[in-house]
Amino acid sequence: MSRVVDDNSASSSPTLLPYFGSSHYHNMDLESNNNNNNSGGSGGGGRRVSFSPTLGQLLKRVGDARREGTGDETPVHHTLAMSPETRALPFVLRFSNLTYNVKVTKKMQIPGVNSHIATPGEHHPVGNNGVFSRTKTLLNDISGEARDGEIMAVLGASGSGKSTLIDALANRIARGSLKGKITLNGEPLESRLLKVISAYVMQDDLLFPMLTVEETLMFSAEFRLPRTLSKSKKEARVQQLIDQLGLRNAAKTIIGDEGHRGVSGGERRRVSIGLDIIHDPIILFLDEPTSGLDSTSAFMVVKVLQRIAQSGSIVMMSIHQPSYRIMGLLDRLIFLSKGQTVFSGSPSDLPGYFDEFGKSIPENENKTEYALDLIRELEGAPGGAKALVEFHKGWQMKKRSVFPNIEGAPQDSRGGLSLKEAISASISRGKLVSGATNADASPASMVPTFANPFWNEIVTLSKRSVMNSRRTPELFGIRLGAVLVTGFILATIFWQLDNSPKGVQERLGFFAFAMSTTFYTCADALPVFLQERYIFMRETAYNAYRRSSYVLSHALTALPSLIFLSFAFAATTFWAVGLDGGVSGFFFYFGIIFASFWAGNSFVSFLSGVVPHVMLGYVIVVAILAYFLLFSGFFINRDRIPNYWIWFHYMSLVKYPYEGVLQNEFQDPTKCFIRGVQIFDNTPLGAVPNAMKVRLLQTISGSLGMTITPSTCVTTGADILQQQGVTDLTKWGCLWVTVAWGFFFRILFYFSLLLGSKNKRR
Ligand SMILES: Nc1ncnc2c1ncn2[C@@H]1O[C@H](COP(=O)(O)OP(=O)(O)OP(=O)(O)O)[C@@H](O)[C@H]1O
Ligand SMILES: [Mg+2]
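Cut-offs applied
Residues numbered from 1 in each chain as written. Chains lettered and ligands numbered in written order. Predicted model: local features only at pLDDT ≥ 70, side-chain atom pairs only at ≥ 80, totals over all residues. UniProt positions renumbered as here; feature names shortened; annotations may be inferred. Helix = DSSP H or I, 4+ residues; strand = E, 2+ residues; numbered from the N terminus. Expected span 1.5 Å × (residues − 1). Buried ≥ 20, exposed ≤ 12 C-beta atoms within 10 Å, placed from the backbone. Contact = placed C-beta atoms within 7 Å. Axes fitted to C-alpha atoms, helices over the stretch in contact; angles between N-to-C directions. Parallel < 35°, antiparallel > 145°, perpendicular 65-115°, else oblique. Left-handed = near helix turned anticlockwise from the far one by under 90°. Pairing = 2+ DSSP bridges.

As annotated in an unreviewed UniProt entry, the chain is ABC transporter domain-containing protein from Beta vulgaris subsp. vulgaris. Its UniProt record gives the chain the following Subcellular location (unreviewed entry) comment, quoted word for word: "Membrane".

*Asks:* With reference to specific residues and values, describe the UniProt feature "transmembrane region" (unreviewed entry) in the chain.
*Replies:* Under the local residue numbering, the UniProt record ascribes the feature "transmembrane region" (unreviewed entry) to residues 476–497, 509–530, 551–577, 583–604, 616–636 and 735–756. Secondary structure across residues 551–577 comprises 100% helix and 0% strand; the distance between its end C-alpha atoms is 37 Å. End C-alpha to end C-alpha, residues 583–604 measures 31 Å, and it is 100% helix and 0% strand.

*Asks:* For helix 6 (residues 213–224), give the residues involved together with the corresponding values.
*Replies:* The end-to-end C-alpha separation of helix 6 is 17 Å, in line with the 16 Å expected for 12 residues at 1.5 Å each. Counting buried residues along helix 6, 11 of its 12 residues qualify, which places the element largely inside the surrounding structure. Along helix 6, the residues that are buried comprise Val-213, Glu-215, Thr-216, Leu-217, Met-218, Phe-219, Ser-220, Ala-221, Glu-222, Phe-223 and Arg-224. Turning to helix 6, the residues buried within the fold contact helix 7 (231–244), helix 8 (265–277), helix 16 (454–471) and helix 19 (526–541).

*Asks:* Tell me about the packing of helix 6 against helix 16, and please be specific about residues and values.
*Replies:* Following both chains from N to C, one finds helix 6 and helix 16 inclined at 165°, their axes separated by 10 Å at the closest point. By the criterion of interaxial angle, the relationship of helix 6 to helix 16 is roughly antiparallel. Crossing hand, helix 6 versus helix 16: left-handed. Here Phe-219, Glu-222 and Phe-223 of helix 6 come into contact with helix 16, specifically with Glu-457, Thr-460 and Arg-464.

*Asks:* Give me the sheet that holds strand 9 (residues 314–318): which residues, what numbers.
*Replies:* Consider a sheet: its strands pair through backbone hydrogen bonds, and that pairing is either parallel or antiparallel. Read from one edge to the other, the open sheet built from six strands follows the order 7-8-9-4-10-11, with strand pairing classed as mixed. Only two strands of the sheet have a single neighbouring strand rather than two, namely strand 7 (198–201) and strand 11 (340–345). Ignoring which end each strand starts from, the neighbouring axes of this sheet average 15° apart. Sheet topology note: the strand 10 (residues 332–337)/strand 11 ladder contains five bridges and is antiparallel. When the bridges of strand 11 are listed, Leu-333 appears paired with Gly-345.

*Asks:* Lay out the environment of Gly-180 with the relevant residues and their values.
*Replies:* Relative to the helices and strands, Gly-180 is located in strand 5 (residues 178–184). We classify Gly-180 as partly exposed; it has 15 C-beta atoms within 10 Å. On a C-alpha basis, the gap between Gly-180 and Leu-98 in space is 4.3 Å, while along the polypeptide they are 82 residues apart.

*Asks:* Describe helix 24 (residues 655–666), and please don't skip the residues or the numbers.
*Replies:* Note that an α-helix has 3.6 residues per turn; residues three or four places apart therefore point the same way. With 12 residues, helix 24 extends 16 Å from end C-alpha to end C-alpha; this agrees with the ideal 16 Å at 1.5 Å per step. Counting buried residues in helix 24 gives 12 out of 12 residues, a clear majority hidden from the surface. Within the sequence span of helix 24, burial applies to Lys-655, Tyr-656, Pro-657, Tyr-658, Glu-659, Gly-660, Val-661, Leu-662, Gln-663, Asn-664, Glu-665 and Phe-666. At its buried positions, helix 24 is contacted by helix 18 (501–522), helix 21 (582–610), helix 23 (646–651), helix 26 (717–723) and helix 27 (731–756).

The following block contains the structure:
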C-alpha cells in the first residue's frame, strides 16, 4: 500500500490531535490480534493509518488496560485516524546502487570439461597461476527506499540475496566491501547511530532455555531501557509487549530446548522479536521472521511487525513465501533475482507490472507465488531474468515521471525533518527509550551508546546468570559429583600416607594428580560458555551491554560455585590423605585449589571465546592440560627440561599450584622423610635383611667420616623440595601467580570477545 493512499485517506478525516494529553489519549490503542477489518491490503485505499502508540503512551495505557482487564488478553481495539501533519515523523531509509561482490577462488578446471554456464552476476578472470579468481556479485545495483509506518519486504527465491540485502542495510557487511549509498533522511548512516536506533532480528532464536518468556523479556528490558525508567515502568513495558506479541498464554512458560519442553516455535520467534524491539527502535531489520511457522503464527508475527511500523518505525524484512493474508500487511516489496531487482513497488502494482511485461497474473492465483514462479522460470531460461531486470528499470523510470513524488523525491517535500529533528521528535514521542538526551548537536550523540551504566549491567547480567544456574542445578550437581568422586577415589587410594620414602613418592603423585584434576574439572563448563557466546554476540551486536561488564559478571558469578567445589575437594582429601600443616595447612591447600579452579575456569572461558566449536574446544583443552601436567615438574624436573622447552614449564598452569602444595607439605624443618637405613629403600639393596643394612650404614659412616645411625635423619622436607626443583617461588608466591594467571586469561577472554564477535561479513 503506498503512502499516497494512506495520506489521502487520512486527510479525508481532518482530525488534528496533539500527541499527548488529549482526552482521546488512552484510545490510541493497538489493534486487537484478531482484528481484520483494516488489513485490506492490496485491495484498495480503505485502510486507514491506525496510530499505534509509542512507549510513553503505552506505559500509561497499560495501567488503564490492566484495570479494564476482564480476562481478555488482547487489548481493546480502537483505531484512530491521524492527519498527516500530526502523524508525520518522516524517516526515510534510502539505499541506492548497493553492490556487493565477493571473491571466490577456485581451482582451474580442464577446458571443455567445465560445463559451467556463466550467470549474469559472475565474471571469470583467469589468473596466470591456474587458479580461477571469480567475482560473484551478490547484490547488483539495488536501490529503494523504506519509510516509517510501512513494512518493506524483500522477496525472492532461495539464494537470490535477500539476507545479503538485509545484512547490507543493517550494517553487517564490512564498510569497504559494500558499494553504494545508504542514507536516513538524506544523511549518511553512521554505524554508531544505526546501532542504537535499529535492531536486527536474526533468523535463529538464541535464547536462554531455562528462563520464562516473561523473564527473558524482562532482562532485555533491563539491558535496553535506561536506569531512569523505574522498574514498574519496565515491567509495564514487558507486559505490554507480551500482549502485543500475543504471548500472554506462554508468559510463564520456559523457553525450553531439546531436553526441556518449552514454548512453541512460533512463540519463540515472537520472543526473539520482542527482545529486539523492547526499546522501540526506529529501524527494525528481520531476516525471515516467518520461516518455519504455520500460516497463522506467521500472520501474527507480521501483524505485530505492522503495529511496530505504525508506531513510527521502519520495518524491513525478508520473507520466503508470504500467504495472501500476509501480503495484505506488506506495504512495499522488492523482488530479487540473483542479486538484481526484478520488481519494486507496492503489492497492488504487481498485477499491472506483470501485465505490462506481457505475463499477466491469472485472477485466481496467489500473486506473489505466481510472480516468484515466473521469476524462477525466467532464471532458468537462456537469457536469465535479464529481460525482467531491464523491464523493471524502464518501468521505474516511467513511474517516476508520472508520479514524481512517489519515489526519488527529496524527503523535504514531505514537510521534511532533518535526521536530527526526526530523531528528537521520535524521542519526545517516547520512542527509542534507551535514555536519549536532546541537547546535543549531532544525531549520533543524541542517543547514548549504552542505555545503562556499567555497574547496572553487571548486576543484571549476574542476576540472569544466577537465575540460569539455579534453574539447571544438575549442571552444578554433575561438577560437584565429579569433584567428590575424584576426591573419594584419591582419598581411598592415598589413605593416610606415611613419611617413608615410598610415602614421599606417593605424596608427589597425589599432588600432581589432584592439581591437574582441578583443571580438568573446569573443562566441562566449555559447552555452557559456548552456548552463551552466541547469545552474547546477539546482545552486544546492538549494544545491549558492554563487553567488559559481561566479562566481569561472568567471573563474579563463577566464584561462588568455585569456592564450594574447592572446599569440597580440599575437605575430602586433606585429612584422609594425611597431609601436613594442620588447620593453616588446610586453608592454604584449600586456597590453592580454589586458585587453580579460578585459573582453570578463566582459561576455559578464554578458549570458549577463541574456539567456536565444542568438540574442537574439548580437544584443545584436554591436550593443553596434558602438556601443562607434563611440564609441571612432576614427570621431569625443571633442570632436566631441555632449554628450548623451558618456557612451557613456566607457562604451565599446573606448575604453580603443584609447587605450592609441595611447599605446604614439606615446609616443616623438623620433619624427617628418610631416616638411617631407609636410604636403601627404592634401591636394589632395599631387599637385603635389616641387620645387613645397619652394617652397611656403619661402613658408609666410616668412609664418610661421620656417624649415621638408623635414627639419623638423611632427608628433610627441604631436601625433597630441592630434589624436585621446587626452589624458585615461595608457597605464597605460587598461590598469587596462580591467581594472576586467572586474571590474565580473563583479560585475554575480554580481548577475544572484543575481536572475535564483530558479527560482520567481509
Ligand atoms: N561468502 C560467499 N561467497 C560466495 N557466495 C556467497 C557468499 N555468501 C553468500 N553467497 C551466495 O550469495 C547468494 C545470496 O545469499 P543469501 O543468503 O542472501 O540468499 P537468500 O536470498 O537469503 O536465500 P535464502 O532464502 O535461502 O535464505 C547465495 O547464492 C549464496 O550462496
Ligand atoms: Mg536468507
